[in-house]
Amino acid sequence: MMWLAARTLLMGSSIFALSVSPMVALAQSATTGGEVGAQPEGETVVRQIVVEGTQRIEEQTVISYLAVQEGQVFNDQLIDLSLKTLFATGLFSDVKIAEQGGKVTVTVVENPIINRVAFEGNSSLSDEDLDKEVQLKPRIVFTRAKVQSDVQRIMELYRRSGRFAATVEPKIVQLPQNRVDLIFEINEGETTGISRINFIGNTVFSDSELKDEIATQESAWWRFMSSNDNYDPDRLTFDKEQLRRFYLTRGYADFRVVSAVAELAPDNSGFFVTFTVDEGERYQFGEVEIQTNLAELPGGELRPLLLVEPEETYNAELVDKSIDALTFYAGTKGYAFAEIKPRVRRNRETKKIDVVFTVEEGPRVYVERINVVGNSRTLDRVIRREIRLAEGDAFNRVLIDRSRSRIRGLGFFKKVEITEEPGSAPDRTILNVEVQEQSTGELSLGFGFSSADSFVADVSISERNLLGRGQFLRFRISASGERQQADIRFTEPYFLDRNLAVGVDLYKILSEYDESSYDTDSTGMGLRFGFPTSEFGRFNGRYTLRSDSIDPSSTASQAVQDLEGDYLTSVIGYSYSYNETNDPLEPTDGYQFTFQQDFAGLGGDVEYYRTQFDGSVYQKLIWDDVVGSLTLSTGWIDNYDGSGVRINDRFFKGGSTFRGFENSGVGPRDVEGSAQDAVGGQFFAVGTAEVRFPNGLPEEFGIKTSLFTDIGTLGIVDDETKQSCLDATLACRIEDDLSLRASAGMSVLWDSPFGPVRLDFAQAIAKEEYDKTEFFRFSTATRF
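Residues numbered from 1 in each chain as written. Predicted model: local features only at pLDDT ≥ 70, side-chain atom pairs only at ≥ 80, totals over all residues. Heavy atoms only, no water.

*Asks:* So what exactly am I meant to see when it comes to the nonpolar core here?
*Replies:* In this structure, Leu297, Tyr314, Val319, Phe357 and Val359 are the most contacted members of the largest nonpolar core, which totals 24 residues. Mapped by element, the contributors of at least two residues to this core are β14 (284–292), α8 (316–332) and β16 (352–360). Sort the elements by how many residues they give to this core and α8 lands first, with five residues. Non-local contacts of Val359, meaning those with residues more than four positions away in its chain, are made with Ile290, Gln291, Thr292, Leu294, Leu297, Leu302, Glu339 and Ile340. Ile63, Leu86, Leu91 and Phe92 belong to the second largest nonpolar core, which has 22 residues in total. (Core = buried A, V, L, I, M, F, W, Y, C linked by side-chain atoms within 4.5 Å. Buried < 20%, exposed > 50% of the residue type's maximum accessible area, 1.4 Å probe, protein only. Helix = DSSP H or I, 4+ residues; strand = E, 2+ residues; numbered from the N terminus. Contact = heavy atoms within 4.5 Å.)

Encoded structure:
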């Protein structure tokens, strides 16, 4: 047989041959008369299709992709289409189609299956980061096109991290059964930094001022922990937006970034970034109006919510915040989808901008359904009982925010988001509560260092969400040279499915109070209950029964030795707390306080009454990310007849409760005794002013800083104790001065990979001669 034509088809990197015979095949068809007909000359009818070379893929699957089937006329156009269709599946690396005598033979070579994808030579990017970026995975069909696509993806990932010299070379390791290992060999190269950032066209603000507003930074040796000094085109886009916002908040409504260009130095040492800007003129607010036809949202009621005023410098951020305030207020009235639109009229001659806020009516909306998603461990009811809305209630933005705050306050979730979507009718909405679980078990380690080289350690294991039911269980063991403690605490937040928390405590504590030269052996148990009195208020009651044994050392002050013996204490108490902060974990606005009292003497050997108050106020300062807080803590304890209380019932301050001073470093002390023992006081008051501010480090580092000052006093020891000290044969004199002490310093909080770390640096700036100070305190905890 003679082949008259041979044709080749180039696809990708492979060459495929297609051979067609001009041989005329006759097709006989039976008719009612039994006649035999002949096909037109030059056409061939496909009588049979045979598939060769398949391993994993069924033959019928290959045939289904063909444009020509049995019984059809065989021609070049159909074969072209069949070849292209088979290659488009990505299943084959080579395809050949041949015909002889009406028999079509399709010969294929299957692409291999990927057994494993590996990365070699990468250090700045982890395997996990790269694996998320590539498309090819184990058990996926291997194709060269996908490999090249993944190479480009990896290259782009390295470019975004500033490594423009990085190279990626894919390698294939052939395995049996048509499988391959795909290995990306990576040469990361050196990081390409930012040599210089230039600004052109800026006259109002200097280059240094504008550099402070953008994320991209010039490379410097002290920025070794930052990645913002590497060139990233996406970051450059973000910088353009940051510059625009910066100018718009300062009245330059016509500002625009003409261009942002990054040029690589000829020696590839770094990029030169140039921003060309057009600042424009500075504007002021002109007329400010509110237009609304809603009876429940009159303009006079909405006007005080606006943050913009006529004749003030134009600030686009204040316009956005005014819209948020109006939208929030509309939500409190049940208008879930009310639209607040600002209409801006710019007068270039007077350099003023008039703003009209239009409030468009939306339907009153009701909650159709509440969905809770993302809680893989926590039970639904634990989350739903914190939601202040029920299905069928009128939508209320305030209650939505309050629900989000209460769910965050549980401490079970890393992220809490409540979103709305339209329901089955225009006046229905669906609430989606999306949470992201976080570790609620905690293994805590506490360490402290003082100016006296003291060291303490504390270990505890706790679970704040036991079995996903919201129950709290803690077992703590503290072992150090001064204290050995074991305690168990359990709390059921919803006893008998009612909003009533019930808890029980058991503990055993052996303590060596070196600062007061006595040891105690305490064993006790406690019962607790609590319930909310309002949306923000809560009442808690408690009862404690404790056995104490006080054992002073031979060198202890007479004031301490007089208290030697065994005591049984029976205490009943209560507390009332109120919390109206905007966030239970990291408040930036609002206030909270707790008032509590305890009464001892309901049985037992000890009598006293104790009153304490703790309160805090939070407020954003000049910028949203600068938060100030004021905290006050005060307390008083005394016997019913005014005869004083035991040393282990008095107040001691220092360490974390009064930074800049050692534990029990503040307050009354036996200054003539050999041990210089702290004897505690019956009254204390400590106030703290603190400012939390950004430190310039990337947010992903999780490092926060604050400046603080602590000021307060501790004192008042009963006359009987003082006189006993003076009458002692050993030297003993108690200094009891209610003078103010003060300290100032800085705190650094780091949310490290192994748990939160706190560093306190404090300097005592007002103290008594007998007070004991410390400059540095360290504590950490790790979670599981």
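*Asks:* Can you help me understand the sheet that holds strand β9 (residues 167–175) in this one?
*Replies:* Paired through backbone hydrogen bonds, the strands of a sheet run either parallel or antiparallel to each other. Spatial strand order, β8-β10-β9: three strands in an open sheet with mixed pairing. Looking along the sheet, the strands with just one partner apiece sit at the ends: β8 (113–120) and β9. Neighbour-to-neighbour, the strand axes of the sheet open up by a mean angle of 20 degrees, direction not taken into account. Bridge analysis of β9 against strand β10 (residues 179–187) gives nine bridges, and the strand direction is antiparallel. Its bridge partner being in β10, Ile172 is matched across the sheet by Leu182. Where helix α4 (residues 144–160) meets the sheet, its contacts fall on β8, β9 and β10, and the angle it forms with β10 comes to roughly 30 degrees. (Pairing = 2+ DSSP bridges. Axes fitted to C-alpha atoms, helices over the stretch in contact; angles between N-to-C directions.)

*Asks:* Looking at this structure, I do not really get the packing of aromatic side chains. What am I missing?
*Replies:* To describe a pair of aromatic rings, one takes the distance between the centres and the angle between the planes. Within the structure shown, the criterion is met by 25 aromatic pairs. Between the aromatic rings of Tyr576 and Phe593, the centroid separation amounts to 6.3 Å while the plane-to-plane angle is 50 degrees, which identifies the pairing as tilted. Within this pair, whereas Tyr576 is found in strand β27 (residues 565–579), its partner Phe593 is found in strand β28 (residues 590–604), the two being separated by 17 residues in sequence. Judged by its relative accessible area of 26%, Tyr576 is partly exposed. Residue class for Phe593 comes out partly exposed when judged on its relative accessible area of 26%. (Phe/Tyr/Trp six-rings, centres within 6.5 Å; stacked < 30°, edge-to-face > 60°.)

*Asks:* Please explain a negative patch on the surface as it appears in this structure.
*Replies:* On the surface, a cluster of negative charge is made up of Glu512, Asp514, Asp519, Asp551 and Glu564. Topologically, Asp514 is positioned in the loop between β24 (501–513) and β25 (518–532). (Patch = residues over 30% accessible without salt bridge, like charges linked within 9 Å, V, L, I, M, F, W, Y side chains within 5 Å. Areas by Shrake-Rupley, 256 points an atom, 1.4 Å probe, with all protein chains shown as cover. Salt bridge = Lys/Arg side-chain N within 4 Å of Asp/Glu carboxyl O. Lys, Arg positive; Asp, Glu negative; His and termini not counted. Charge placed at Lys NZ, Arg CZ, Asp CG, Glu CD.)

*Asks:* Would you take a moment to explain helix α2 (residues 76–88) for this structure?
*Replies:* Given 3.6 residues to a turn, an α-helix orients residues that are three or four positions apart in the same direction. In a regular helix each residue adds 1.5 Å, so 13 residues correspond to 18 Å; α2 covers 18 Å between its end C-alpha atoms and thus fits that length. Among the residues making up α2, those that are buried are Ile79, Ser82, Leu83, Leu86 and Phe87. The arc that holds every buried residue of α2, seen down its axis, measures 125 degrees, which confines them to one face. Those residues of α2 that are exposed and aimed more than 90 degrees away from the buried face are Gln77, Lys84 and Ala88. Its side-chain oxygen at 3.2 Å from the backbone nitrogen of Gln77, Asn75 defines the N-terminal cap of α2. (Expected span 1.5 Å × (residues − 1). Arc of directions from axis to C-beta. Polar contact = N/O pair within 3.5 Å; in protein donor to acceptor, adjacent residues only side chain to side chain.)

Purely geometric stuff here, so don't read any function into it on its own.
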